[in-house]
Amino acid sequence: MTTAVVRALGALAHDAAHPPTGAEAPCTCPAPVVLADRADGTVVRSGPVVAKAHAPDTDTTALAARLALAASPALTGILLPPVPRSAGPAADATVHGRSVTLWPHGEPVDPADPDAAPWEEAAVLLARLHRTAPPTAPGGIGAFPAMRGPAKAALAVARMHAARPDDPATVPVREAWRRLPAWARDEDIAPSHRSRFLCHGDLHLGQLVRHPAPHGPWLLIDVDDMGLGDPAWDLARPAAWYAAGLLPPDVWSRFLDAYRAAGGPAVRADGDPWPDLDVPARALTVQTAALAFAKSAAEGRTPDEVEQMMIDACARIASLPHELAAEHSS
């Protein structure tokens, strides 16, 4: 994060929240607040507006397509729409060479109240998203970007390799990664029957907000990874947590039942969901474990208890006979 980027984002959010009227009174707004600062984005809030500077290597054409979809009536009530651009400084789409988008502020999930986590609401929103017809464009369905889930998993593994080269502790994660099919490692496209759905691409509870805050309906946020792909990927993180013992069975059942009841196409309507979820869940397990190794190395520590549970899950995956590990890989 740089002070200049944060200042510029705060100014853009403030200007979008308070367009000039020609006779300005002294501003009494609170100072802008940094909500997030990661390699993939810096997010600053000023009152009711949030400004996000996307990663420096963001594909601007793909981002524009995702923004247009988020603003379209097709996703009303599913995805938080962006703040419309206006004339003036807030219309500038870049800050220090980084693409910038503006969003309404929403009330996030309270991490201190896990019992109130909106698992069923998240499941219904995902089912509605997956059932939404992909946008049409000149050139056909392939003109809309691909969902970036597999790409993010590959980036996580690359970060682990860079942070812990040749570390024997990472062998189970590398082996679990090697056993995934090429499409899940971002080396190929998903099977055609599983690659034509509109997906979020990075579903977790931090991707939900209430809007209007604080008591409005839950909506999905963050379009950076949205695109066409296998809808099972959006269920993969809670599935991986459940398989690793991090998500209680009753919470997983509530989530899965709500998704099925809403007609979600990622899994069969009844019976065992794992033939559909196995590959994405293993990929998210590897992604989470790889990030645990990378982050703990950067912070000069050993993986914590939760991180170690995901690493241990990779060890179990890596110890499976090859025929079982590959059973649902196609």
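As a reminder, the structure under discussion sits directly above these lines.
Residues numbered from 1 in each chain as written. Predicted model: local features only at pLDDT ≥ 70, side-chain atom pairs only at ≥ 80, totals over all residues. Heavy atoms only, no water.

**Student:** What exactly am I supposed to notice about the pairing of strand β2 (residues 41-46) here?
**Tutor:** Remark: a regular strand shows side chains that alternate across the two faces of the sheet. Along β2, five of the six residues are buried, which leaves the element largely enclosed by surrounding structure. The pairing of strand β1 (residues 33-38) with β2 spans five bridges and is classified as antiparallel. Each bridged residue has a counterpart across the sheet, and for Val 33 the counterpart in β2 is Arg 45. Hairpin connection of β1 to β2: two residues between the antiparallel strands. Here β2 pairs with strand β3 (residues 49-54) via six bridges, running antiparallel. In the sheet register, Val 44 faces β3, and the bridge partner there is Ala 51. Joining the antiparallel neighbours β2 and β3 is a turn of two residues, in which Gly 47 adopts a positive phi near 60°. (Buried < 20%, exposed > 50% of the residue type's maximum accessible area, 1.4 Å probe, protein only. Helix = DSSP H or I, 4+ residues; strand = E, 2+ residues; numbered from the N terminus. Pairing = 2+ DSSP bridges.)

**Student:** Looking at this structure, how should I read unusual backbone geometry?
**Tutor:** Pro 212 follows His 211 through a cis peptide bond whose omega is 0°. Note on placement: Pro 212 falls in the loop between β8 (208-210) and β9 (218-220). Cis geometry is found at the peptide bond from Ala 213 to Pro 214, where omega equals 0°. Looking at the element boundaries, Pro 214 is found in the loop between β8 and β9. One non-glycine residue with positive phi stands out, namely His 96, at about 50°. Residues other than glycine seldom take positive phi values, yet Asp 222 does so here, at roughly 80°. With respect to the helices, strands and loops of the structure, Asp 222 is situated in the loop between β9 and β10 (227-229).

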